[in-house]
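# A closer look at the structure
Each chain is listed here by its residues.
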Amino acid sequence: MRFLQGGDRAAFGELYQRYAQRMQGYFYRMLGQDAELASDHTQDLFLHILERPHLFDTQRKFSTWLYSIASNRCKNVYRSWSRQKKVLPLPEKEQQPETTDADPVDHLDRRLFETALTVALRDLPDAQRECFVLRYQEELGIREISEIVDCPEGTVKSRLHYALRQLSRHLRPFNPKKIES
């Protein structure tokens, strides 16, 4: 990012190559698994970086700053949807590539679970969904999530606790039964 701030436009290509796919996945999960919407927001995010490299504080971690901007973009979308009385949409069709599982039952179980998780995530409050996605799908640490969402670490932990509790209730049918011998 320092090279981009110094006027080296080629550095932007490197940043894009490193982070675009990851940010696309984040937007995909946060915005109702809409691939087109995720792509649009990913492009807007990187355009923002290209046009305003001076806003990056070199004392911060780049990925944290990037997720902070992405998080704010998601919040703007949620606000827009709430004004329009929209809810987080569910995917209408499978947008991820099909796998070639040897066992079709395992594949079906996985797809059913993923659909149930999507529905359960949609029902979470925005702040809890964001913390869950950042922690368990983006695999970020509590401290970094705290910086991204601009709240104390204790609040992040609390949001995760309540999110996991609600998700466990929604996903209870997928809990393996104990087999007694």
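Further up the page is the structure itself.
Residues numbered from 1 in each chain as written. Predicted model: local features only at pLDDT ≥ 70, side-chain atom pairs only at ≥ 80, totals over all residues. Heavy atoms only, no water.

With that out of the way, let us pick up a nonpolar patch on the surface. Taken together, the side chains of Leu108, Leu112, Phe113 and Phe174 define a hydrophobic patch exposed on the protein surface, amounting to about 350 Å² of accessible area. Structurally, the position occupied by leucine 112 is in helix α5 (residues 104-123). Leucine 112 gets classed as partly exposed once you look at its relative accessible area, which sits at 45%. (Patch = residues over 30% accessible without salt bridge, like charges linked within 9 Å, V, L, I, M, F, W, Y side chains within 5 Å. Areas by Shrake-Rupley, 256 points an atom, 1.4 Å probe, with all protein chains shown as cover. Salt bridge = Lys/Arg side-chain N within 4 Å of Asp/Glu carboxyl O. Helix = DSSP H or I, 4+ residues; strand = E, 2+ residues; numbered from the N terminus. Buried < 20%, exposed > 50% of the residue type's maximum accessible area, 1.4 Å probe, protein only.)

Turning our eyes to something else, we now look at the pattern of salt bridges. Throughout the structure, instances matching the rule amount to 7 salt bridges. Among the ionic pairs, arginine 29 bridges to glutamate 138, the shortest N-O distance being 2.0 Å. Of the two residues, arginine 29 is situated in helix α2 (residues 10-30) and glutamate 138 in the loop between α6 (126-137) and α7 (142-149); the sequence distance between them amounts to 109 residues. A salt bridge links glutamate 51 to arginine 52, with the nearest nitrogen and oxygen atoms 3.7 Å apart. Arginine 52 sits in the partly exposed class, given a relative accessible area of 33%.

One can describe the packing of helix α3 (residues 35-51) onto helix α4 (residues 62-83) by two numbers: an axis separation of 11 Å at closest approach and a directional angle of 130 degrees. Judged on the interaxial angle alone, α4 and α3 are oblique. In this structure, α3 meets α4 at a crossing whose hand is right-handed. Residue-level contacts link Leu37, His41, Asp44, Leu45, His48 and Ile49 of α3 to Phe62, Trp65, Leu66, Ile69, Ala70, Arg73, Val77 and Trp81 of α4. (Axes fitted to C-alpha atoms, helices over the stretch in contact; angles between N-to-C directions. Parallel < 35°, antiparallel > 145°, perpendicular 65-115°, else oblique. Left-handed = near helix turned anticlockwise from the far one by under 90°. Contact = heavy atoms within 4.5 Å.)

Summarising the element assignment, histidine 41 is placed in helix α3. In this structure histidine 41 comes out as buried when scored by relative accessible area, which is 13%. If we skip the residues at most four places from it in the chain, histidine 41 touches Phe27, Leu31, Arg73 and Val77.

Turning to the environment of leucine 134, a few remarks are in order. Turning to its location among the elements, leucine 134 is positioned in helix α6. The residues contacting leucine 134, other than those within four sequence positions of it, are Tyr26, Tyr67, Glu139, Leu140, Ile145, Ile148 and Val149.

A positive phi angle, close to 55 degrees, is found at glutamine 33, a residue other than glycine. According to the relative accessible area criterion, glutamine 33 is buried, its value standing at 18%. The phi angle at glutamate 139 is positive, at roughly 60 degrees, despite the residue not being glycine. For glutamate 139, a relative accessible area of 66% puts it in the exposed group.

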